[in-house]
Structure formats: structure tokens, C-alpha cells
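Residues per chain, in single letters:
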Amino acid sequence: MALGRTESRGTSVYMAIAPAMHVIDVGPLAAGDEEVPGVYVATKRVDFHGAAPEGKGAAFSYSRDSGSSFTVLSNGLDTTAVMGLVTQAASSTATAVGVDRASTIHVTLLNSEDVLTSTTAAGLANGKNIAIMGQEVIQFQTATAVSAPDGKYALTNLVRGLRGTEDQIGAAAVHTIFTLYSPETVKLVKIPIELAGVSHKYAATSAGGVISVAANTYSTNTTDVALQLRTIKPYAVADLAGSRDASNNLTITWERRTRSHVRLLGYSGRPLGEDREA
């Protein structure tokens with residue numbers, strides 16, 4: 001069992017304690033990510049042994065042999081992501097259309113010094129306050145501090161099931177991990193395409209720590225998951241409909257959805273963003 005590495009920093013001691021980890025397998029969150037097979041990874045240092053040495057973060061690795069050995073996929077992950085746990089989940093009957101004004105998500109942040117803030121309707125339209133609740137991408141317009149010293153917030157006026165995660169609406173339960181999206185702290189990690197759909201062990205390890213064979217101990221936090229690599233997975237179409245003419249010929253219509261990050265103006269069509277459309 002690896003205890004990690006300790007080092008003296010003046011009067012304090014730093015121990016490579018395992019970071020909290022959120023592996024996020026969703027559609028592309030930033031322009032250009034739709035070309036990269038991968039997942040997003042957020043990590044958060046939460047311990048009582050002093051802050052990590054300056055410039056040190058976390059590594060993200062995977063194992064093909066149930067943890068006997070690991071291959072590093074990314075080094076230097078930021079460990080200051082705003083992360084927390086859901087203490088009351090949103091409605092499972094919401095849709096990915098419009099603003100969900102009926103639901104409230106209660107979140108307790110891992111670090112009470114972190115904050116969640118409100119935005120405007122225009123802010124929502126411009127991509128503000130994106131977060132990931134489990135594997136559902138959401139936006140929230142209003143963040144109300146229930147108990148700010150304890151990091152407790154109530155989130156309302158929600159946009160649900162973004163970036164191809166409409167199938168995850170209602171999947172989040174109490175203790176589901178919550179991460180506020182920031183391109184600086186939620187990083188896209190490229191994953192070998194042959195790993196898709198097959199369960200492997202993935203690990204986040206604090207810089208200075210040793211990847212532990214034992215799960216979730218000291219310097220390493222692990223999870224077993226079969227990644228889908230949704231950054232490169234086309235979205236399902238919307239508004240599927242069919243009609244028959246007098247000769248009983250069936251015509252099927254749908255609205256295209258795109259993984260590309262675009263701003264639509266007027267009646268301009270959505271770009272395909274795929275090799276073909278069947």
C-alpha cells in the first residue's frame with residue numbers, strides 16, 4: 001500500500017493525499033474538442049496537511065490489469081476545481097428544452113472557500129455557469145447561498161441535458177459529484193480509442209504520490225468505468241417525425257443536432273460536423 005511522499009515545507013508538512021476526482025464522459029465542452037477522443041477530468045485537493053507545493057497537481061492514469069500497473073494519460077492536472085456533492089437532486093421529469101424552473105439542486109462544496117454565483121438570462125445564453133452533475137451537463141442561472149460558510153448552495157433556473165447528456169436527466173442522486181466547468185480546471189484528456197466501451201481502472205494521483213495498487217487509498221483515487229468517449233459520438237437527432245402521402249410512401253424528417261460549437265444567426269442551418277448524415 002502506497003502512503004504517498006511527504007516533504008517538509010518550512011513549518012508545515014505536505015503529504016500527497018489522493019485528490020477528489022470527477023471523470024466526465026460527455027459531449028465536447030469547448031470548440032475543437034469534438035475532434036478529440038477523450039473525457040474531461042477534474043480533480044480537487046482536499047486534505048489537512050497543508051497546500052500542495054507550488055506548481056504541483058495530479059496525474060490521470062489507467063490500468064489494463066486491474067491495478068497491477070498503470071499508464072499515465074495526463075500529468076499536471078489542476079487540483080483547484082470547484083467541486084462538491086449533490087445533497088438534493090433535481091427533478092427526473094425535466095426535459096432538455098427550455099429552462100427548468102421547477103427543480104432545485106442542493107450542493108455542498110468540498111471547499112467552503114469556493115463560491116457559486118448567479119448569472120442573468122443573457123449569461124446563460126452566452127454559456128455562463130456550466131456545471132456537470134454526475135454525467136449530466138447543466139447550467140444554472142441562480143445560486144442561492146443556503147449556508148455559505150459551509151459551502152451549501154441551492155441552484156435554480158436550470159438548463160438540463162446539455163452537450164448530448166439528455167439521457168442523464170434524472171440520473172443524479174444524493175452524493176453525486178458536482179463540478180463547476182472551467183477550461184482551466186476541467187481538462188480534456190485524450191483516451192486511446194481502443195479503450196472505449198471496455199471497463200478499466202482509472203486513477204488520479206497527487207503529484208509526489210505513488211500510484212497505489214489498492215483502490216482509493218492515500219495518494220491514489222481510482223474508479224472502474226467503461227468510457228464511451230462521447231466527445232466524438234454524434235448526437236441523436238431531434239423532432240423525429242414521419243408522414244405518408246397518398247401512395248403510402250413514408251417521409252421521415254428530423255432536426256439535425258451538431259457537436260460543433262457554433263452561434264446560429266437568423267435562419268442559418270446547423271453545420272453537420274460529421275462525415276455523413278444518413
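Everything numeric here is computed off the predicted structure, so don't read it as measured data.

**Re the overall build of the protein chain**
Across its full length, the protein chain holds one helix and 17 strands. In the protein chain, buried positions account for 43% of the 278 residues. A sequence separation of at least 24 residues applies to 66% of the contacts in the protein chain between residues at least 6 apart. Surface summary for the protein chain: the accessible area is close to 14000 Å², and the carbon and sulfur share equals 52%.

**Things to note about the pattern of salt bridges**
Under the defined criterion, the tally for this structure stands at six salt bridges. Notably, a salt bridge pairs D100 with R160, separated by 3.0 Å at the nearest N-O pair. Taken together, the residues span a long stretch of sequence, with D100 in the loop between β7 (83-88) and β8 (105-109) and R160 in strand β11 (residues 152-162) at a distance of 60 residues. Across the pair, exposure class does not vary: D100 and R160 are buried alike. E136 serves as the salt-bridge partner of R160, at 2.7 Å between the closest nitrogen and oxygen.

**Let's talk about the environment of A131**
On the secondary structure map, A131 appears in strand β9 (residues 130-133). Sequence-wise, A131 and F178 are 47 residues apart; in three dimensions their C-alpha atoms are separated by 7.1 Å. With residues near it in sequence (within four places) discarded, A131 still touches E136, V137, I138, F140, F178, T179, L180 and Y181.

**A word on the pairing of β11**
Taking burial as the measure, the eleven residues of β11 include eight buried ones, the bulk of the element. As judged from the four bridges shared by β8 and β11, these two strands associate in the antiparallel manner. Among the inter-strand pairings, H106 is bridged to a residue of β11, identified as A154. In sequence, strand β10 (residues 136-147) turns back onto β11 through a hairpin of four residues, with G151 there showing a positive phi of about 70°.

**Things to note about the sheet that holds strand β3 (residues 20-24)**
Reading across the sheet, the three strands line up as β3-β4-β13 and stay open at both edges, with antiparallel pairing between neighbours. Two strands close off the open sheet at either side, each with one partner strand: β3 and β13 (186-190). Along the sheet, successive strands turn relative to each other by an average axial angle of 30°, direction set aside. Direction of pairing for strand β4 (residues 38-44) relative to β13: antiparallel, over a ladder of five bridges. Across the sheet, the residue bridging to V41 is K187, located in β13.

**Looking at the sheet that holds β8**
Read around the barrel, six strands follow the order β7-β8-β11-β10-β9-β12 and close on themselves; strand pairing throughout is antiparallel. The average undirected angle you get between the axes of adjacent strands in this sheet is 45°. Where β7 lies against β8, four bridges are found, and the strand directions are antiparallel. Residue pairing for β8: V86 is matched across the bridge by V107.

**A few points about a nonpolar patch on the surface**
A surface patch of nonpolar side chains, amounting to about 470 Å² of accessible area, comprises V237, L240, L250, I252 and W254. Per element, the largest residue contribution to the nonpolar patch is three residues, and it comes from strand β17 (residues 250-255). Within the element layout of this structure, W254 appears in strand β17. Classification of W254 by relative accessible area gives partly exposed; the value is 30%.

**Thoughts on the packing of aromatic side chains**
Under the defined criterion, the tally for this structure stands at two aromatic pairs. Each ring, one from F60 and one from Y202, has its centre 5.8 Å from the other, and the planes form 15°; the classification is stacked. With F60 in strand β5 (residues 58-63) and Y202 in strand β14 (residues 199-206), the pair connects residues that are 142 residues apart, well separated along the chain. When its relative accessible area of 0% is taken as the criterion, F60 is described as buried. Take Y202: its relative accessible area is 0%, and that puts it in the buried class. Taking 6.3 Å as the distance between ring centres and 35° as the angle between the ring planes, the aromatic pair formed by Y62 and Y202 counts as tilted. Of the two residues, Y62 sits in strand β5 while Y202 sits in strand β14, which places them 140 residues apart along the sequence. Neither residue differs from the other here; Y62 and Y202 are each classed as buried.

Quick notes on the rules
Residues numbered from 1 in each chain as written. Predicted model: local features only at pLDDT ≥ 70, side-chain atom pairs only at ≥ 80, totals over all residues. Heavy atoms only, no water. Helix = DSSP H or I, 4+ residues; strand = E, 2+ residues; numbered from the N terminus. Buried < 20%, exposed > 50% of the residue type's maximum accessible area, 1.4 Å probe, protein only. Contact = heavy atoms within 4.5 Å. Areas by Shrake-Rupley, 256 points an atom, 1.4 Å probe, with all protein chains shown as cover. Salt bridge = Lys/Arg side-chain N within 4 Å of Asp/Glu carboxyl O. Pairing = 2+ DSSP bridges. Axes fitted to C-alpha atoms, helices over the stretch in contact; angles between N-to-C directions. Patch = residues over 30% accessible without salt bridge, like charges linked within 9 Å, V, L, I, M, F, W, Y side chains within 5 Å. Phe/Tyr/Trp six-rings, centres within 6.5 Å; stacked < 30°, edge-to-face > 60°.

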